[in-house]
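Chain and residue survey
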Amino acid sequence: MDVINPALQKYSEDHTTSENDLLKKINRDTNAQVMMPRMLSGHMQGRILSMISCMVKPSTILEIGTYTGYSALCLAEGLKPNGKLITLDINEELESRVRDYFADSPFSDQIDYRVGNALAIIPTLTMNFDLVFIDADKENYARYYDLVINRVPLGGYILADNVLWSGKVLDEKVDKDTKAIKEFNRKVQEDSRVENVLLPVRDGILIMRKVRS
Ligand code: SAH
Ligand code: CA
């Protein structure tokens, strides 16, 4: 389901800075060689993530759901000079590919990529996160939110992707993932610790700013 008319989408892309060569390669390789390439953020969303990160200028970013590393490299563009991005993914099959991409980027020393279950890894991380990008299994969005919210300082941001879930959030009868996304969106809306805006871009990006502890 297109949230925006395809011609306007194309016009918007034509007036958005292009991807750099490495991101183009990751986009191309992922579409040609990896299962479920639709999960990759892509040109427009990647530039939005980069733009947000450049506005926030985070010292520490946590990404939950690396996939082929595309969004991690977009978010890393906004890091402070000695900032760090920790990115987590459970899929071991993508590990060597993703490590190669990160090594080819200017951020290789700043990216800490860990392969494993994010639900188990996050509680072992001791730092705070100025910016969090939640983009792993939809069923666990609310759990990820609960795991990170106390580690985000006041004024820090959490982003969650795919919160419109191809428009299925409007359906009455829903599957497990849709139910989880709807519950997550409602939980955030009712949580006075954050101010939030749901950007109806691509598959929906929920932007949250922590305003109260
Ligand atoms: N952020 C990427 C896309 C992520 S796709 C981009 O925008 O380009 C979702 C990823 O979440 C998949 O690679 C999947 O392996 C990962 N994932 C699913 N469950 C997970 C879990 N429990 N812990 C860590 N990663 C998980
Ligand atoms: Ca996504």
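Each chain has its residues counted from 1, running along the sequence as written. Going through the entries in the order they are written, you letter the chains from A and number the ligands from 1. Where totals are concerned, whole chains, interfaces and linings use all residues; where local detail is concerned, this predicted model gives features only for residues with pLDDT of at least 70, and gives and counts side-chain atom pairs only at 80 or more. Working from all heavy atoms in the structure, the side-chain values ignore hydrogens and water.

With that settled, consider the site of ligand 1. Nearness of a residue to a molecule or strand requires only that one of the residue's heavy atoms be within 4 Å of it. Close to ligand 1 lie 20 residues; Ser-41, Gly-65, Ser-71, Asp-89 and Asp-135 are nearest. Between ligand 1 and Ser-71 there is a distance of 2.8 Å, counted from a nitrogen atom to a side-chain nitrogen or oxygen. Under the rule applied, a polar contact is a pair of N or O atoms within 3.5 Å (in protein, one hydrogen donor and one hydrogen acceptor; residues adjacent in sequence only if both atoms are side-chain atoms). Separating an oxygen atom of ligand 1 from a side-chain N or O atom of Asp-89 is a distance of 2.7 Å. Polar here means any residue outside two lists: the nonpolar Ala, Val, Leu, Ile, Met, Phe, Trp, Tyr, Cys and Pro, and the charged Asp, Glu, Lys and Arg; Gly therefore counts as polar. Among the residues making up the shell around ligand 1, the classes are represented as 9 nonpolar, 7 polar and 4 charged.

Let's shift gears to the packing of aromatic side chains. Pairing of aromatic rings covers Phe, Tyr and the six-membered ring of Trp, with a centre-to-centre limit of 6.5 Å; geometry is then stacked below 30 degrees between planes, edge-to-face above 60, and tilted otherwise. Evaluation of the coordinates by the stated rule reveals 3 aromatic pairs. Taking the centre distance of 5.4 Å and the plane angle of 85° together, the rings of Tyr-141 and Phe-184 count as edge-to-face. One end of the pair, Tyr-141, is in helix α7 (residues 141-148); the other, Phe-184, is in helix α8 (residues 176-190), and 43 residues separate them in sequence. For Tyr-141, a relative accessible area of 0% puts it in the buried group. The buried label goes to any residue with under 20% of its type's maximum accessible area, the exposed label to any with over 50%, and the partly exposed label to all in between, with areas taken from a 1.4 Å probe on protein chains only. Judged by relative accessible area, Phe-184 falls into the buried class, the value being 0%. On the basis of an interplanar angle of 75° and a centroid distance of 6.0 Å, the ring pair of Tyr-145 and Phe-184 is categorised as edge-to-face. Of this pair, Tyr-145 sits in helix α7 while Phe-184 sits in helix α8, and the two are 39 residues apart along the sequence. Taken individually, Tyr-145 and Phe-184 each receive the classification buried, so the pair is uniform in this respect. Secondary structure follows DSSP: runs of H or I at least 4 residues long count as helices, runs of E at least 2 residues long count as strands, and numbering of each begins at the N terminus.

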